[in-house]
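A look at the structure
If you want the building blocks of each chain, they are given just below.
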Amino acid sequence: MLDPLVRDALLFGNLLSMMSLGLTLTYITSKVPNFAHGMLVSLGAYVPLMFAEVFGLDPYLSIPVAFLLGGFGSLLVYVLAMRPISRGGGSIVHLMMATLAAEAVFNGVINAFADFLQENFRVFSRAFTLRDLDFTFLDLPGVFIVSYVLCAVLFVALFILLTKTRFGVAMRATVENPSLAGVLGVDTNLVYAVSWFISGGLAGVSGCLIPFWVQTSPSTGSNYLLSIFCASVVGGLGSLAGAIAGGLALGISEIAVTNYLAGVVGYWIIPYRPVIPLLVMAVTLLLVPEGITGLLSGQVRRKA
Amino acid sequence: MPDLLIFLFDLIAMFSIYLILNLSLCLEFGYGGIPDFGKVLFVAGGAYLVGGFAGRFASWMVGITGYDYIRSNSLVIFMENARLSGDLWLCLAVFIPSILLAILVGAILGYLASFPAIRLREDYLGMTLLSMGEVARVIGNNYPDLVGGSLGVQVPDPLAWAGEWRFPIASVVILLFSIAVWLYVDRVGHSPLGRTLRAIRDNETTAESLGKNVSDYRMKTLVVSSAIAALCGALYAFYTCGVVATTYNRLWWTFWPWLMVMLGGVSSSMGVLAGTLISTSVIKLVNLFKESLQPFLPFDVVWVESMIIGATMIIVLIRRPEGIFPEEPQVTSGMIGAKPPGDASGDTKS
């Protein structure tokens, strides 16, 4: 039997590692921090609600759909905004601006959809939870188990894609040197599109699990944006393994630290939780700007 | 007052408030090249100061004691306004220190933001400043002693004496402030300082090799522009007679200013003016008519607005990333041997 606090911390660590893996994936390919990433998480969170309340299906069946929906949302951002802007010679600030614009569009779409569900299907679409539809296994909530299974499956699949397939090699080559990869016949546009798709898919899947754990609203995903950025920065923003490690570390410590402080100084501290990722990010950038991966590779270099 | 006049004065107020904010963005990003994705932080700083300070200061000035400022906020403000409505000098005595302190708070926040801004690349800086902006909202929303938490606070009205003419006068006052800021930013743009900032923006290494202290210039740019942004927040708080932390969100105070300056042209004071005028007019006009669209939609019409604004931004970025008024080669008037922009032989941009 696990302490609920430990369980929450581990679960949030899993979710955050999926989210920050997605953010880092688009960052290393397109060099843009995707400000719309949080909204893709929210997008995923509405899929299980639809499945449960509108179609009357088991909400866990919606996981593949959430992956596809998040992926297509992200792909649209790439195809309709990122690619034309960078072709027109837009700078990185323009691209960041465009992701912020995409966030505004998603915000409108998701909120409109939430209103639509509320009006037409009498579904509580804001601050909703699916916790009572969850199963339990060995006294553990299902979402806890599912998050581990999903993390394992997705991370292994991504690892195999990147290391064992020709396309994965092409992807890594594009990350290293896009123009050289292009000269050697790699379709870099396809690589970018696929990485945006996978990134959005990861966001969608992690969003899909949130309603089983906490109350979810259209703004939930963008409220996690701080934690996602921080996890990626802690991971070094350059490595996928670092993103997973950063997500786990920050997710666990965010919940642990908040709860510890709540016990010490009082419960009023809990709403200030978003301050933790900001502080962690500031400290990381000041002391170890290369993040966990930089730290580890630095040690390797020192030993050699 | 006729409806048209009310609409016009409303528009003037919104235009002026955003003009001030957008000019600060022009100063730091257009000239200085610092992409500030946390504008909301500085606006909120100015507004929070007015929310937290002006009312308490006014109570002290008129001698209202024995009330908890936050819990009996509307009562305290009501009594203050009753006193303020008869005394112009008292109004100024509340207004001017609040504005000055708000500017100071903005400058301090800008100084804090300059630590990451000197050290980080655009992408890391964007993430850091955006996060700082979010934290400003979290603190405002959860620390009730500052601006009343999620309920917000009212602010004493320095124009309480104006009665029916309160909003028109407020619009004109804010317009005067915005004209002053416009003149300042325009002067900076055409001055040696402006050229230094542009040089740093276009090529940091070259500027450094010419003896310019890059990090010092960046720090000072952020301090000044953040102080201007805080002035905008303070004026907005006085104009709306209240501060609610959730109003200071990323969409209104970071995204809209960016959209407006990108539309007009981020590196020219004329461009910022044009972009602000067009955007605020369109937003106000759309606000007039959007309610009539509501019966045809199965959801709240405000979400359409969010979608359209986001899409507009993307179209602007694709079609005209340099804005309506692209940056022209700068020629300082009166400079010996200055040539008109058309036949400037040396290239100003690499």
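Our subject is the structure that appears above.
Residues numbered from 1 in each chain as written. Chains lettered and ligands numbered in written order. Predicted model: local features only at pLDDT ≥ 70, side-chain atom pairs only at ≥ 80, totals over all residues. Heavy atoms only, no water.

**Quick look at the overall build of chain A**
The number of helices and strands found in chain A is 13 helices and two strands. Relative to a compact globule of 304 residues, whose C-alpha radius of gyration would be 19 Å, chain A shows 19 Å and is just as compact. Seen along its three principal axes, the alpha-carbon backbone of chain A occupies a region of about 55 × 50 × 35 Å. Classification of the 304 residues of chain A by burial places 56% in the buried group. Taking the contacts inside chain A whose residues are at least 6 apart along the sequence as the reference set, 76% of them involve residues at least 24 apart. As displayed, chain A offers around 12,800 Å² of accessible surface, 69% of which is attributable to carbon and sulfur atoms. (Helix = DSSP H or I, 4+ residues; strand = E, 2+ residues; numbered from the N terminus. Rg over C-alpha atoms; globule rule 2.2 N^0.38 Å. Buried < 20%, exposed > 50% of the residue type's maximum accessible area, 1.4 Å probe, protein only. Contact = heavy atoms within 4.5 Å. Areas by Shrake-Rupley, 256 points an atom, 1.4 Å probe, with all protein chains shown as cover.)

**Some thoughts on helix α8 (residues 192-202) of chain B**
Along α8 of chain B, the positions that sit buried rather than exposed are G194, T196, L197, R198 and I200 of chain B. As for α8 of chain B, its buried residues are in contact with α1 (3-31), α7 (166-189), α9 (204-209) and α10 (214-240) of chain B.

**A few points about the nonpolar core**
Buried together is how nonpolar side chains tend to be arranged in soluble globular proteins. Residues L209 of chain A together with F37, V243, Y248, W253 and F255 of chain B are the most contacted members of the largest nonpolar core, which totals 182 residues. Broken down by element, the residue count for this core peaks at 14 residues, all from α1 of chain B. One finds A58, V62, C91 and V94 of chain B within the second-largest nonpolar core, a separate group that totals seven residues. (Core = buried A, V, L, I, M, F, W, Y, C linked by side-chain atoms within 4.5 Å.)

**Brief notes about the packing of α1 of chain B against α10 of chain B**
All names here are of chain B. Between α1 and α10, whose axes approach to 7 Å, the crossing angle comes to 165 degrees. The orientation of α1 relative to α10 falls into the category roughly antiparallel. For the pair α1 and α10, the sense of crossing is left-handed. Here α1 contributes D10, A13, I17, I20, L21, S24, L27 and E28 to the contact with α10, which in turn contributes T221, L222, V224, S225, I228, A229, L231, C232, L235, Y236 and Y239. Split by residue class, the contact of α1 with α10 holds 14 nonpolar, three polar and two charged. (Axes fitted to C-alpha atoms, helices over the stretch in contact; angles between N-to-C directions. Parallel < 35°, antiparallel > 145°, perpendicular 65-115°, else oblique. Left-handed = near helix turned anticlockwise from the far one by under 90°. Nonpolar A, V, L, I, M, F, W, Y, C, P; charged D, E, K, R; others polar.)

**Structural notes on helix α13 (residues 302-319) of chain B**
When the terminal C-alpha atoms of α13 of chain B are compared, their 26 Å separation across 18 residues agrees well with the 26 Å that a helix rising 1.5 Å per residue should span. Taken as a whole, α13 of chain B has its buried residues at W303, V304, E305, S306, I309, G310, M313, I314, V316 and L317 of chain B. Lining the buried residues of α13 of chain B we find α3 (63-87) and α4 (92-121) of chain A together with α11 (250-264) and α12 (269-290) of chain B. (Expected span 1.5 Å × (residues − 1).)

**With respect to the pattern of salt bridges**
Applying the stated criterion to the full structure yields 16 salt bridges over all chains. Each of the salt bridges in this network shares a partner with another, and the network as a whole consists of E103 of chain A together with E134, R137 and R250 of chain B. (Salt bridge = Lys/Arg side-chain N within 4 Å of Asp/Glu carboxyl O.)

**Examining unusual backbone geometry**
Residues and elements named next belong to chain A. Of note, K31 is a non-glycine position whose phi angle comes to about 65 degrees, a positive value. Position of K31 among the secondary structure elements: in the loop between α1 (4-30) and α2 (37-54). Relative accessible area serves as the criterion here: at 42%, K31 is assigned to the partly exposed category. Even without a glycine there, the phi angle at R122 is positive, about 50 degrees. For R122, the location among the structural elements is in the loop between α4 and β1 (136-137). R122 sits in the exposed class, given a relative accessible area of 68%.

**Details of the side chain of K39 of chain B**
All names here are of chain B. Position of K39 relative to the elements: it lies in helix α2 (residues 39-62). For K39, the side chain forms a polar contact with the side chain of S24, separated by 2.9 Å. Every residue in contact with K39, bar those within four places of it in the chain, is listed here: L21, S24, L25, E28, S225, A229, W253 and T254. (Polar contact = N/O pair within 3.5 Å; in protein donor to acceptor, adjacent residues only side chain to side chain.)

**Observations regarding the packing of helix α6 (residues 166-176) of chain A against helix α8 (residues 188-209) of chain A**
Residues and elements named next belong to chain A. With their axes 10 Å apart at the nearest point, α6 and α8 run at an angle of 100 degrees to one another. Comparing the axis directions of α6 and α8 gives the class roughly perpendicular. For the pair α6 and α8, contact is made by F167, A170, M171 and T174 and by T188, L190, V191, Y192, V194 and S195, respectively. Within the contact of α6 with α8, the residues separate by chemical class into seven nonpolar, three polar and no charged.

**Regarding the interface of chain B and chain A**
Of the residues lining the interface, 41 residues belong to chain B; the matching set on chain A comes to 46 residues. When the two sides are added together, the surface that chain B and chain A hide from each other amounts to roughly 3,600 Å², 78% of it contributed by carbon and sulfur. By the criterion of area lost to chain A, the three top residues of chain B are Y124, M127 and W303 of chain B, representing 17% of everything that side buries. At the junction of chain B with chain A, the criterion picks out one salt bridge. (Buried area = accessible area lost by both parts, 1.4 Å probe.)

Functional significance is not addressed by these values, which are geometric in nature.
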